[in-house]
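# Per-entry structural report
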Amino acid sequence: MADSIAINVEGVSKRFGKTLALDQVSFQVKPATVHGFLGPNGAGKTTTIKLLMDFIRPSKGKLEILGKDTRANSVVLKRRIGYLSGDFELYNNLTGSQYIKYMSHLSGVKNQSRTLELVEDLNAVMDRKIGLLSRGNKQKIGLIAALMNDPDILILDEPTTGLDPLMQQKFYKAVRDHAKRGKTVFMSSHILSEVQEVCDHVTFMKKGKVLETVEVSNLLAKATRRVVLTVDKNVTMMAPPKVLGASNVSHTKHTLSFDVPQADRKVMRWIAMQPVKDVTINEADLDSVFMNLYEDEEEV
Amino acid sequence: MFRSIFTKTLYDKRWFMLGWGLGAVSLLALTAAFFPSLSGNGMDALVKSLPPELEGILGDVEDWSTYPGYLASAVFGLRGEMLFVPMAILLGVGLGMGDESNRRLYQLLAKPVSRRRVVLERWLAGLVVIAVVTGIVYASLVVVSPMIGEDVPYELLNGITVITALFTAALFSLTYGLGVATGRKNLAILVPVVWTMGSLLVDAFKLQIDWLKDLEWVSLLSYYKTADLVHDDINLNHVVVLGCIALISLIVALIAFQNRDIHEEA
Ligand SMILES: Nc1ncnc2c1ncn2[C@@H]1O[C@H](COP(=O)(O)OP(=O)(O)OP(=O)(O)O)[C@@H](O)[C@H]1O
Ligand SMILES: [Mg+2]
């Protein structure tokens, strides 16, 4: 029953001297899901993750992983947690395999088959000193260290920083595979496409506060579509009428573009009556949701 | 080598051990090797040329004419302090703060290891490093003494080695403890440096200035007097004071580290 919530954060505040980095943060992560943690720079993502990892202690509030207090059960929990941060540092004087050997001993991982599998999958460079590796290759070593105990909870702080697109895709696949096997992934990011691609849920943060936690699929349903109409020259276009709910209307010489909540029959019928040469309707994109969310807040 | 934090730390410090071991040997054993050329007239001249302040630091210069006295005062004495004080502070800062200031502590604490274990294993590794370096010095003097035609003064050498290791361990623990407990590198360096510099001043001027004599107990270096070992056994009070500095530092580190945030920029 305790496991029906993987991560529970309740009324957590964290103060660094005068800065209130987190203000009454609450959210929950369901097991066997990939949960995104999104927000602009300084929103408090890293602070929240450090609190979950018991690197720092809350000024107020409760943090639980798998039903256990993160502080009181720090060591026990870490047997079931994997952690990786995008800007982590490793022991530069060790080779990849020395480092992984060290981490296995500390984790109490006896069976090396999973580690070997990961090395193979990620094509990691194991026999060179870590200090000589590129950022991305270091990241692979870090990811192996995070995944080698087959953690029930994987906590990632902007994990794809410094990875090339190909590696990013491999990384997303590793994350999704992990979740498919019934494990929970909690990852911070400020890359929307990343969240869109891998996450089931997402919690939006801003200035130390949670804005909302939503399902990504719902979010996409709510997202606007961008309609672009191309016309022959010398044809003047009327702006779309208010009833369509269009926003962000813009003209160029040959095009008219606007956003609509949904490309429904009303919209199509209106388009059909225009002297159009071509129409494109872009699929829903989290970017616009994100922008809307943060812009709205700005006005408050 | 990578089975525990303890062994991994020793692996990290292998060049440190070798470097300081060889450095200590070249400074101390070479100084010892000069004894024959200094004994006799050379020594008298040297002793006469020393300013009186140095007597406070170096002990009774009359002793220098015998090999054991020379070992205890000239070979160790100020040279020992000059060597082991920086070594202790560097080792303490390195082991206490290295990982944290390089942001590598996160990866370690993400594994199922308690903070207590991290503090304790690193401290123990530090003690082993000190034991190895002082052991190398001991061995080198055992080898060098017969080469210059002197008997090895084993009893004295044992005493000197023990008190040197203990003094270094105390200063190392103090630096380490301050760093681990507060997460502040500057503080961890400043306190032991100021203390030893202050101690050096107290030692230097205590023969000239009366009220400094009463302050002698504050001087850290007054608990590391190898020159006295020529005539006396190891002073148990000194052993207790140095041991307490080491243990209290460790205990404070264990408790404080348990309860503090890991710092980003240490
Ligand atoms: N050790 C610290 N001391 C003082 N202030 C801190 C400390 N750590 C974080 N902060 C402050 O707390 C706030 C939240 O920082 P945090 O690193 O959690 O943001 P973030 O969401 O991870 O941002 P980014 O996207 O840039 O990584 C910031 O205002 C930051 O300046
Ligand atoms: Mg961050």
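To keep things clear, this report deals only with the structure shown in the data block. (Residues numbered from 1 in each chain as written. Chains lettered and ligands numbered in written order. Predicted model: local features only at pLDDT ≥ 70, side-chain atom pairs only at ≥ 80, totals over all residues. Heavy atoms only, no water.)

### Focus: the overall build of chain B
Keep this limit in mind: Secondary structure elements are defined from DSSP: runs of H or I of at least 4 residues count as helices, runs of E of at least 2 residues count as strands, and each element is numbered from the N terminus. Accessible area is worked out with a 1.4 Å probe on protein chains only. A residue is then buried under 20% of its type maximum, exposed over 50%, and partly exposed in between. Any two residues whose heavy atoms approach within 4.5 Å are treated as being in contact.
Looking only at helices and strands, chain B has 12 helices and zero strands in total. Beginning at the N terminus, the succession of helices and strands in chain B can be written as α-α-α-α-α-α-α-α-α-α-α-α. Counting all 266 residues of chain B, 52% fall into the buried class. Pairs at least 24 residues apart make up 77% of the contacts formed inside chain B by residues separated by at least 6 positions.

### Some remarks on the overall build of chain A
Here is the rule: In this tally, Asp and Glu contribute negative charge and Lys and Arg positive charge; neither His nor the terminal groups of the chain are included. A charge is said to be at NZ when it belongs to Lys, at CZ for Arg, at CG for Asp and at CD for Glu.
The secondary structure content of chain A amounts to 10 helices and 14 strands. Overall, chain A is about 75 × 45 × 40 Å in size when its C-alpha atoms are taken along their principal axes. Across the 300 residues of chain A, 49% fall into the buried class. Long-range pairs, those at least 24 residues apart, make up 69% of the contacts in chain A with a sequence separation of at least 6. In chain A, the 41 positive side-chain charges and the 35 negative ones have mean positions that sit 3 Å from each other.

### Side note on the nonpolar core
What counts is decided by this rule: We call a set of buried residues a nonpolar core when its members are Ala, Val, Leu, Ile, Met, Phe, Trp, Tyr or Cys and they connect through side-chain atoms within 4.5 Å of each other.
Ranked by internal contacts, the top residues of the largest apolar core, which has 144 residues, are Ile7(A), Ile65(A), Tyr99(A), Ile155(A), Phe186(A), Phe76(B) and Phe84(B). Of all the elements, helix α6 (residues 67–101) of chain B adds the most residues to this core, at 17 residues. Ignoring anything within four residues of it in the chain, the contact list for Phe76(B) reads Leu28(B), Leu71(B), Phe84(B), Val137(B), Leu141(B), Ile160(B), Thr164(B), Tyr224(B) and Thr226(B). Among the nonpolar cores identified, the runner-up in size contains 11 residues, and Leu256(A), Val260(A), Trp270(A) and Ile271(A) belong to it.

### Describing the site of ligand 1
All names here are of chain A. The condition is simple: Working definition: residue near molecule or strand if any one of its non-hydrogen atoms lies within 4 Å of it. Nitrogen and oxygen atoms within 3.5 Å of one another constitute a polar contact, given that in protein one can donate a hydrogen and the other can accept it, and given that sequence-neighbouring residues count only through two side-chain atoms. Using a 1.4 Å probe, the Shrake-Rupley method yields the accessible areas, and only the shown protein chains count as cover for residues. Residue classes follow a fixed rule: Ala, Val, Leu, Ile, Met, Phe, Trp, Tyr, Cys and Pro count as nonpolar, while Asp, Glu, Lys and Arg count as charged, and any other residue, Gly among them, counts as polar.
Around ligand 1, the structure places Phe16, Ala21, Pro40, Asn41, Gly42, Ala43, Gly44, Lys45, Thr46, Thr47, Glu158 and His190. A distance of 2.8 Å is found between an oxygen atom of ligand 1 and a backbone nitrogen or oxygen belonging to Gly42. Within the complex, the protein chains bury 64% of what would otherwise be the 640 Å² of accessible surface of ligand 1. At three residues, helix α1 (residues 45–52) tops the list of elements feeding residues into the shell around ligand 1. Looking at the shell around ligand 1 residue by residue, the class counts come to four nonpolar, six polar and two charged.

### Re α6(B)
Residues and elements named next belong to chain B. Our working rule: What the bend at a residue measures is the angle between two axes, fitted to the seven residues ending there and to the seven starting there.
Gly80 marks where α6 bends most, by close to 50 degrees. Of all 35 residues that make up α6, 28 are buried, and the element is covered over most of its length. Measuring from the side-chain oxygen of the N-cap residue of α6 to the backbone nitrogen of Gly69 gives 3.1 Å; that N-cap residue is Thr66. Count one or two residues on from α6 and you reach Arg103, which has phi positive near 65 degrees.

So, to be careful, I would describe these as geometric facts and stop short of saying anything about function.
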